[in-house]
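Results of the structural survey
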Amino acid sequence: MDSAKLVALLRSCIHSKALKPGLLIHQKVITLGLENNIAICKTLIKFYFSCQLFESAKLVFQSIPRPVDISLWNGLIAGYTNSFMFTEALELFERLFHFPYLKPDSYTYPSVLKACGGLGRANCGETVHSHVIKSGALTDVVVTSSIVGMYAKCGMFDSALRLFDEMPERDVACWNTIISCYYQNGKYEKALQLFEKMKASGFHSDSVTITTAISSCARLLDLEKGKQIHNELVTNGGVLDGFISAALVDMYGKCGCLDLAVKVFEAIPVKSLVSWNSIIAGYSLICDSYSCIELFRRMKEEEVQPNSTTISSLLMACSRSANLRLGKFIHGYIMRNNLEADIFVNSSLLDLYLRCGSFVLAESVFRKTPRTNVVAWNVMISGYVSTGSYFEAFRIFRDMEEAGIKPNAITFTTILTACSQLAALERGRDIHKRVIESKLENDEIVMGALLDMYSKCGAVEEALCVFNQLPERDLVSWTSMITAYGNHGQALEAFNLFRKMEKSNVKPDRVTFLAVISACSHAGLVDEGCYYFSSMINNYGLEPTVEDYSCLVDLLGRAGRLHDAYGILQSMPSIRNDVGLLSTLFSACRLHGELELGKEIARTLVTQDPDDHSTYVTLAKMYASDKRWDEARKVRLKMRQLGLKKNPGCSWIEVDKRIQPFFTEDKSYPEAEQVFDCLSNLAIHMEKDEMEL
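Report on the accompanying structure. (Residues numbered from 1 in each chain as written. Predicted model: local features only at pLDDT ≥ 70, side-chain atom pairs only at ≥ 80, totals over all residues. Heavy atoms only, no water.)

**Looking at the packing of aromatic side chains**
Rules: Only Phe, Tyr and Trp rings are paired, with Trp represented by its six-membered ring, and only when their centres lie within 6.5 Å; those with planes under 30 degrees apart are stacked, over 60 edge-to-face, the remainder tilted. Segments assigned H or I by DSSP are reported as helices when at least four residues long, segments assigned E as strands when at least two residues long, and all are numbered from the N terminus. The buried label goes to any residue with under 20% of its type's maximum accessible area, the exposed label to any with over 50%, and the partly exposed label to all in between, with areas taken from a 1.4 Å probe on protein chains only.
Within the structure shown, the criterion is met by 23 aromatic pairs. For the ring pair Trp73 and Phe99, a centre distance of 5.2 Å and an interplane angle of 65° mean the geometry is edge-to-face. With Trp73 in helix H5 (residues 70–82) and Phe99 in the loop between helix H6 (86–96) and helix H7 (108–119), this residue pair connects regions lying 26 residues apart in the sequence. Neither residue differs from the other here; Trp73 and Phe99 are each classed as buried. Look at Phe467 and Trp478: their rings are 5.2 Å apart centre to centre, the planes differ by 75°, and that puts the pair in the edge-to-face class. Highlighted residues: Phe467 in helix H28 (residues 460–469) and Trp478 in helix H29 (residues 475–487), separated in sequence by 11 residues.

Right under this line is the structure:
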């Protein structure tokens, strides 16, 4: 049997990934004494890589006494690179220079450059670039395209674009390389700019170009541009292959145009897994869990097997629509079919159960999830924070630290939100130290969360310190600092900061104005508050919402201008009977002892929300303050008749970085006996002081 026939047989094994026949052929090669035949060795290396037997491929190479043919080296380097074994590829490339009679060629460099880009080793890539220049291989368009791709992968976009512009000859593959690299690095606008430049240069886009361009539109939610590319393709008689169709379905789904997504999807003759995943993800985004399940059923009927992306999208749809029953059905499907749940599926399950308030099931899934990845921990912490279970979030954070998992920016941002909501200043300071230890002081989102935490905990000086350290101040950070000043009576500082923000060309939004008007409210500066309310409407064209009117009512109410506030409500039919606004004014009536107006507002509140106990409680207290005991008794009797009860008060205290919650008459915590003894002693001393007075 000659070498040509053996090579042909090995190639058929590569195509079919037939391991046993390939091993038998290798045995035959050795028997015939052809183990040093270059053509056979190259094919054997490809065969073992196709079967993922990397060590066997390496042994074939090492068994050759004098590997003097560069194509052998190229085969092994390419095998390593295509298998994402970038370090091994570069190590082999370095060994190549120990053989002075061997020179890399135009087939060597693309694989080596791909390895440099995969590892992000720009220095190594620049060295290879210099080798290419010395060898004269820079005239090869494939080699130059590979250098461009390497620079883009390493984030050196200026170098990539400069070299691309200097290329005397370009082909479609070269354009695709640079466009794809910008897309993969999140530079979607630049990818689209290059796509347009390619068309203007007279090149015809292929499937790869169009797919990347449409995917860039999807990431940018640029529906108009996506439609334009689609229309041009149809007008020019282009073929909508599986890749382009799937990208269009994804783009239309992400942009909220499900009718067009469905139209493209239904026109695909043989629907791939990617296209099924794209249409399911589209319905998932609009929280339509029933349509997602129906598509899943159709997918199974067409014998397309789901992957983790499919399952995650289905679970996210159930989570977003709070459909626990369908979510459990998908979880059951995973278990019945013994599907291996990866980190994305497990995270989606955790999110589902936490959003639906099924904490026991969430904890059960979490216990079975590998805890070496920070993602699952983040989902648990975020889930508890989003449902207001801040103490549970702290418990998970503590367990995470004990497990030796290093928190990332998302962890810190989420747990700082819990500190903000509980005003847990000491715990927040401790987390601030860990942020510094993790070298995240330049992360704008983490620093913004720290600013918000210090602001809500009343630590204005520390909030200002964080604000001054911010690498870049956005609208949120300016608003947080203004809020910090306003909440703690420093209205003049809030005004000054607002003016600085305006000078820095950051346009205030409705939330910023709420912060400024609230600062006026806390400081009793009614005229200034009214000025900023007018400025919001007249200077910035912002139509006031219920929240804005609530702030204005609070401003007037705190200053005792109750009838002015009531007049504003009555003059606007859209907010006249708003329960939130009336409740704000009702509280102000109690504060200023305005019983008659309070009674009028109370009648409206009882009509609008008869089950709210707070109206009755406040009205009873107003009668009691005015010594109208009979009326107060009648209101409380009415509450009992309606079966309304005041919710028990909850509070908490932070001691030595430990937060202890407690309810009214709560005796469940360990130190309850000492606390009640202390209260009893305080009461005795207070009585004595009263008698002495």
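That was the structure; now back to the text.
**Examining the nonpolar core**
Test applied: Among the buried residues, those of types Ala, Val, Leu, Ile, Met, Phe, Trp, Tyr and Cys that are joined through side-chain atoms within 4.5 Å form a nonpolar core. Whether two residues are in contact is decided by their heavy atoms: any pair within 4.5 Å suffices.
If you look at the biggest cluster of nonpolar residues, it comprises 204 residues, and the most contacted ones within it are Met251, Ile279, Met481 and Ile601. Per element, the largest residue contribution to this core is eight residues, and it comes from helix H23 (residues 374–386). When near neighbours in sequence (up to four residues on either side) are disregarded, Ile279 contacts Val249, Leu258, Ala261, Val262, Phe265 and Leu295.

**Focus on a positive patch on the surface**
What counts here: Like-charged residues within 9 Å of one another, or nonpolar side chains (Val, Leu, Ile, Met, Phe, Trp, Tyr) within 5 Å, are grouped into patches, provided each residue has over 30% relative accessible area and no salt bridge. Shrake-Rupley sampling with a 1.4 Å probe provides the accessible areas, and residues are treated as covered by the protein chains on show and by no other component. Salt bridges are defined by distance alone: a side-chain nitrogen of Lys or Arg within 4 Å of a carboxyl oxygen of Asp or Glu. Positive: Lys, Arg. Negative: Asp, Glu. His and the chain ends are not part of the count. For this purpose, a charge sits on NZ of Lys, CZ of Arg, CG of Asp or CD of Glu.
Taken together, the side chains of Arg473, Arg499, Lys500 and Lys503 make up a positively charged region of the molecular surface. Position of Arg473 relative to the elements: it lies in the loop between H28 and H29.

**Focus: helix H9 (residues 141–153)**
Let me state the cut-off plainly: Expected span of a helix, by definition, is 1.5 Å for each gap between consecutive residues, and there is one gap fewer than residues. The term polar contact refers here to a pair of N or O atoms within 3.5 Å; inside protein, the definition further demands a hydrogen-donor-capable atom paired with an acceptor-capable atom, and it admits residues adjacent in sequence only when both atoms are side-chain atoms.
Here H9 is 13 residues long and its end C-alpha atoms lie 18 Å apart, about the 18 Å a rise of 1.5 Å per residue gives. In the core, the buried residues of H9 are packed alongside H7, helix H8 (122–135), helix H10 (157–166) and helix H11 (172–184). The opening residue of H9 is Asp140, an N-cap whose side-chain oxygen sits 2.9 Å from the backbone nitrogen of Val142. Of the residues flanking the end of H9, it is Gly155, one or two places downstream, whose phi is positive at about 80°.

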